[in-house]
Amino acid sequence: ILAAGCSGSMGLKDLPPWSSLGDPANGRTIYVTSCSRCHGVDGKGAEGNKLVPPPADLTSDAVQSRRPGRLFHLIDEGKPSTAMGEWKHTLTDDEIWDVLAYVRTLRNGNNTQP
């Protein structure tokens, strides 16, 4: 199985560590402009957001423990029956990896500044 957005013969088990998948600084910029409206600046979901089901808490173990390729796929293709639409027509593969590199930094709640 190939991971979405990966070229060549790199399978999910062969993906490099999170830290080398993208640029978290660029990912933060994209996240703030494209993702924070629903997921909140802190990744826990925007206050007052009335989406059903609510957006995923990106700081949670449930999200943080997912394989990078799976998270890439969820951003690229969207999540059915939720407000999470597909981003494959808006973001490049590299930009999605950058966002994921930034989301990974949210695990410790260190990046709450817009």
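The structure we're discussing is the one just above.
The model shown is predicted, which means the values in this text are computed figures rather than measured ones.

Hey, could you run me through the environment of glycine 69 in this one?
Relative to the helices and strands, glycine 69 is located in helix α4 (residues 68-77). A residue is classified by how much of its surface remains accessible, and glycine 69, at 6% relative accessible area, is buried. Residues glycine 69 and leucine 100, 31 residues apart in the sequence, show an inter-C-alpha distance of 9.9 Å.

Before we go on, may I ask you to explain the pattern of salt bridges in this structure?
Should their charged atoms come close, side chains of opposite charge can pair. Tallied over the full model, the rule gives 2 salt bridges. Between arginine 107 and aspartate 61 there is a salt bridge, with the nearest N and O atoms lying 3.5 Å from each other. Taken as a pair, arginine 107 in the segment after α5 (93-105) and aspartate 61 in helix α3 (residues 61-64) lie far apart in primary sequence, 46 residues in all. With relative accessibility at 34%, the residue arginine 107 sits in the partly exposed group.

Even after reading the chapter, I still don't get the packing of aromatic side chains, so can you show me in this structure?
Geometrically, a pair of aromatic rings is defined through the distance of the ring centres and the angle of the planes. One pass over the full model with this rule turns up 2 aromatic pairs. Ring geometry for tyrosine 31 versus tyrosine 102: centroids 5.3 Å apart, planes at 50°, classification tilted. Of this pair, tyrosine 31 sits in helix α1 (residues 24-34) while tyrosine 102 sits in helix α5, and the two are 71 residues apart along the sequence. Per residue, the accessibility class of tyrosine 31 equals that of tyrosine 102, and both read buried. Look at phenylalanine 72 and tryptophan 97: their rings are 4.7 Å apart centre to centre, the planes differ by 35°, and that puts the pair in the tilted class. Taken together, the residues phenylalanine 72 in helix α4 and tryptophan 97 in helix α5 connect sequence positions 25 residues apart. Taking relative accessible area as the criterion, tryptophan 97 reaches 6% and is therefore assigned buried.

Would you explain the nonpolar core in this entry?
Soluble globular proteins tend to bury their nonpolar side chains together. The biggest cluster of nonpolar side chains holds 18 residues, and the ones touching the most others in it are Tyr31, Leu58, Ile96, Val99, Leu100, Val103 and Leu106. Counting only elements with at least two residues in this core, the list comes to α1, α4 and α5. If you tally residues by element for this core, the top one is α5, at 6 residues. Leave out the neighbours within four places in its chain, and tyrosine 31 touches Ser36, His39, Gly40, Val41, Gly43, Leu58, Val99, Tyr102, Val103 and Leu106.

Mind showing me how you'd approach α4 here?
Structural remark: α-helix, 3.6 residues per turn; residues separated by three or four positions point the same way. Here α4 lies mainly inside the structure; 7 of its 10 residues are buried. Restricting attention to buried positions, one finds in α4 the residues Pro68, Gly69, Leu71, Phe72, Leu74, Ile75 and Asp76. Against the buried residues of α4 lie α3 and α5.

Rules behind the numbers
- Residues numbered from 1 in each chain as written.
- Predicted model: local features only at pLDDT ≥ 70, side-chain atom pairs only at ≥ 80, totals over all residues.
- Heavy atoms only, no water.
- Helix = DSSP H or I, 4+ residues; strand = E, 2+ residues; numbered from the N terminus.
- Buried < 20%, exposed > 50% of the residue type's maximum accessible area, 1.4 Å probe, protein only.
- Salt bridge = Lys/Arg side-chain N within 4 Å of Asp/Glu carboxyl O.
- Phe/Tyr/Trp six-rings, centres within 6.5 Å; stacked < 30°, edge-to-face > 60°.
- Core = buried A, V, L, I, M, F, W, Y, C linked by side-chain atoms within 4.5 Å.
- Contact = heavy atoms within 4.5 Å.

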